[in-house]
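Summary of the model geometry
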Amino acid sequence: MNTAVFTSRRRAAAMPVELDPLLLWPTLFLLLLGLVMVYSASIAMAEGSKFTGHQETYFLLRHAIFLAIGLVVGVVAFQVPLRFWQEFAPWLFLAGVVLLVIVLIPHVGRSVNGAQRWLPLGPINLQPSEFMKLLVVLYAADYTTRKLDAMGSFRRGFLPMAGVILAVGFLLLREPDFGAFVVIAAIAFGILFIGGINARLFILLAVVAVVGFALLITFSEYRRQRILGFMDPWQDAFGKGYQLSHALIAFGRGEWFGVGLGASVEKLFYLPEAHTDFLLAVIAEELGFVGVAAVVVLFGLLVQRAFAVGRQALLIDRVFGGLVAQGIGIWLGVQAFINMGVNMGLLPTKGLTLPLMSFGGSGIVANCTALAILMRVDYENRRLMRGQSA
């Protein structure tokens, strides 16, 4: 009898554990659609810029290279057991903080349009804040796992994590990168909430966060101008409302089925950052409501599956994996929601790209790595459940 059970378990362990198609295919579709739309949105800019050598495929080739690197890094990350990520989470987080400090050093970090967010590494630029989102997921999940018994305590559970996130926020606001700070704060405190933080503390945190963000906007001229431009973009359509007014024009022109792939007018030097922050507006103009709805559904499916995988991990007492999965879901959901809200005029303009789709090497690599880790959580869940059922 024991021999039969042992043999059954060996066979179950040897069986291939398939990847969740509801995670894999939406991810691949968003990546490929992003590649096509980045090319479409950037042709005019690439042809008209001396910086690109007037090569229309300038951004396409670079995005394809970043995408290939992201997929390779993702495949490698998938092979790494979760226990490694948990063991080294504090050290990886510390390395991320060091990079945030280095990027602020004069003549070291690269400044673009008044923001110093990039580290030049030869032909590529590294944006530490993009990787910091993943590192915060890992660190917050590890912290919560270690302090499960103290989550109800303000001093031992909440305060240390709040101090760490405020320190990271200070560095991000120095760049400045307000959008990344919002996403990272949402990730960290979302994981704390899932981990069982006291409900009254969480409500207090929400109130403090709203007041804090209001103060940041009040005492910052450029953030205040963004809010004013968001409230009525047509009042100053050639000034502070310029980006949003042209994004709304793109949505209006797209109607139900769009004007056709490649036929956008707004990308012809009217809509700034068409291939990065406002890629969804180009999708709306060229593919219409149907294209935007498909993107929204795919992101919704990814977020739902992330939370489902996390819930499954928590049910089988894999707390770290469960919190990591749901933290990645929070990250993708919040960032995609903010980017879409900005494009549609529902939220003030933020410097946040659309995950998995917008042009940007650091963002693509970080997103691919995060989704590979999410698939690893699902893989280990399935393997463990099959072993138990055997």
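Please read these numbers as outputs of a predicted model, since none were measured by experiment.

Looking now at the sheet that holds strand 2 (residues 115-121). Ordered by their spatial adjacency, three strands build an open sheet running 1-2-3, and the pairing between neighbours is antiparallel. Looking at the sheet topology across the chains shown, the edges are occupied by strand 1 (110-112) and strand 3 (124-126). With direction set aside, neighbouring strand axes in the sheet form an average angle of 50 degrees.

Turning next to the packing of aromatic side chains. All told, the structure shown has nine aromatic pairs when counted by the stated rule. Consider the rings of Tyr-58 and Phe-59, whose centres lie 5.1 Å apart with planes at 85 degrees: the pair is edge-to-face. We classify Tyr-58 as buried; its relative accessible area is 12%. Look at Phe-59 and you get buried, because its relative accessible area is 6%. Both rings, one in Phe-59 and one in Phe-359, keep their centres 5.2 Å apart while their planes meet at 90 degrees; by these two values the pair is edge-to-face. With Phe-59 in helix 3 (residues 58-79) and Phe-359 in the loop between helix 12 (319-344) and helix 13 (361-389), the pair connects residues that are 300 residues apart, well separated along the chain. Across the pair, exposure class does not vary: Phe-59 and Phe-359 are buried alike. An aromatic cluster is defined as three or more aromatic residues linked by ring pairs; in this entry it consists of Tyr-58, Phe-59, Phe-66 and Phe-359.

Axis separation between helix 5 (residues 128-146) and helix 6 (residues 154-174) bottoms out at 12 Å; the angle between their running directions is 170 degrees. Between helix 5 and helix 6, the angle is such that the two are roughly antiparallel. Every residue of helix 6 that contacts helix 5 at Ser-129, Met-132, Val-136, Tyr-139, Ala-140 and Tyr-143 is listed here: Arg-156, Gly-157, Phe-158, Pro-160, Met-161, Val-164, Ile-165, Val-168 and Leu-172. For the contact of helix 5 with helix 6, the class distribution of residues is 12 nonpolar, two polar and one charged.

The next subject is helix 12. Here helix 12 contains 26 residues, and its C-alpha end-to-end distance of 37 Å stays within 8% of the 38 Å for a straight helix at 1.5 Å per residue. With 21 of 26 residues buried, helix 12 is to be regarded as a mostly interior element. Gly-345 occupies a position one or two residues after helix 12 and carries a positive phi of about 80 degrees.

Side chains that are three or four residues apart share a direction in an α-helix, a result of its 3.6 residues per turn. The end-to-end C-alpha distance of helix 4 (residues 82-102), which contains 21 residues, comes to 29 Å, matching closely the 30 Å that a straight helix rising 1.5 Å per residue would cover. Its maximal kink placed at Ala-89, helix 4 deviates by approximately 55 degrees, while the proline Pro-90 follows within four residues. Among the residues making up helix 4, those that are buried are Leu-82, Trp-85, Ala-89, Phe-93, Gly-96 and Leu-100.

Turning our eyes to something else, we now look at the packing of helix 4 against helix 5. Following both chains from N to C, one finds helix 4 and helix 5 inclined at 140 degrees, their axes separated by 8 Å at the closest point. Between helix 4 and helix 5, the angle falls in the class oblique. Seen from above, helix 4 lies across helix 5 with left-handed handedness. Across the interface between the two elements, Trp-85, Gln-86, Ala-89, Pro-90, Leu-92, Phe-93, Gly-96, Val-97, Leu-99 and Leu-100 of helix 4 pack against Pro-128, Ser-129, Met-132, Leu-135, Val-136, Leu-138, Tyr-139, Asp-142 and Thr-145 of helix 5.

Where nonpolar side chains cluster on the molecular surface, the patch consists of Met-45, Val-265, Leu-268, Phe-269 and Tyr-270 and spans about 470 Å² of accessible area. Along the chain, Met-45 falls in helix 2 (residues 21-48). For Met-45, a relative accessible area of 38% gives the class partly exposed.

Take the nonpolar core next. One finds Ile-165, Val-295, Phe-299 and Met-357 to be the most contacted residues of the largest nonpolar core, which totals 102 residues. For this core, the element with the highest residue contribution is helix 11 (residues 279-315), accounting for 15 residues. Apart from the residues within four sequence positions on either side, Ile-165 is in contact with Val-136, Phe-181, Ile-184, Ala-185, Ala-188 and Phe-189.

We now examine the pairing of strand 2. Summarising burial for strand 2: five of the seven residues are buried, a large majority. Of the pairings in the sheet, the one linking strand 1 to strand 2 comprises three bridges and is antiparallel in character. For Val-112, the partnering residue across the bridge sits in strand 2 and is Ala-115. Between strand 1 and strand 2, which pair antiparallel in sequence order, lie two residues; one of them, Asn-113, sits at a positive phi of approximately 55 degrees. The hairpin formed by strand 2 and strand 3 contains two residues between the paired strands, and Gly-122 there has a positive phi angle of roughly 65 degrees.

Taken as a whole and assessed by the stated rule, the structure comprises eight salt bridges. The shortest N-O distance in the salt bridge between Lys-267 and Glu-286 comes to 3.1 Å. With a gap of 19 residues between them, Lys-267 in the loop between helix 10 (242-254) and helix 11 and Glu-286 in helix 11 connect regions that are remote in the sequence. For the pair Lys-267 and Glu-286, a shared accessibility class is recorded, and that class is buried. Residue Arg-382 is joined to Asp-378 by a salt bridge in which the shortest nitrogen-to-oxygen separation is 2.8 Å. Of this pair, Arg-382 and Asp-378 both sit in helix 13, four residues apart, which is roughly one turn of the helix. Accessibility assignment for this pair places Arg-382 and Asp-378 in one class, buried. One continuous salt-bridge network, built from bridges that share partners, spans Arg-318, Arg-376 and Glu-380.

With that out of the way, let us pick up the environment of Thr-145. Looking at the element boundaries, Thr-145 is found in helix 5. Along the sequence, Thr-145 and Ala-372 sit 227 residues apart, while their C-alpha atoms lie 21 Å from each other. The residues contacting Thr-145, other than those within four sequence positions of it, are Gln-86, Val-319, Phe-320 and Leu-323. Within polar-contact distance, the side chain of Thr-145 engages the backbone oxygen of Ala-141 at 2.7 Å.

How each quantity is defined
- Residues numbered from 1 in each chain as written.
- Predicted model: local features only at pLDDT ≥ 70, side-chain atom pairs only at ≥ 80, totals over all residues.
- Heavy atoms only, no water.
- Pairing = 2+ DSSP bridges.
- Helix = DSSP H or I, 4+ residues; strand = E, 2+ residues; numbered from the N terminus.
- Axes fitted to C-alpha atoms, helices over the stretch in contact; angles between N-to-C directions.
- Phe/Tyr/Trp six-rings, centres within 6.5 Å; stacked < 30°, edge-to-face > 60°.
- Buried < 20%, exposed > 50% of the residue type's maximum accessible area, 1.4 Å probe, protein only.
- Parallel < 35°, antiparallel > 145°, perpendicular 65-115°, else oblique.
- Contact = heavy atoms within 4.5 Å.
- Nonpolar A, V, L, I, M, F, W, Y, C, P; charged D, E, K, R; others polar.
- Expected span 1.5 Å × (residues − 1).
- Bend = angle between axes of the 7 residues up to and from the residue.
- Left-handed = near helix turned anticlockwise from the far one by under 90°.
- Patch = residues over 30% accessible without salt bridge, like charges linked within 9 Å, V, L, I, M, F, W, Y side chains within 5 Å.
- Areas by Shrake-Rupley, 256 points an atom, 1.4 Å probe, with all protein chains shown as cover.
- Salt bridge = Lys/Arg side-chain N within 4 Å of Asp/Glu carboxyl O.
- Core = buried A, V, L, I, M, F, W, Y, C linked by side-chain atoms within 4.5 Å.
- Polar contact = N/O pair within 3.5 Å; in protein donor to acceptor, adjacent residues only side chain to side chain.

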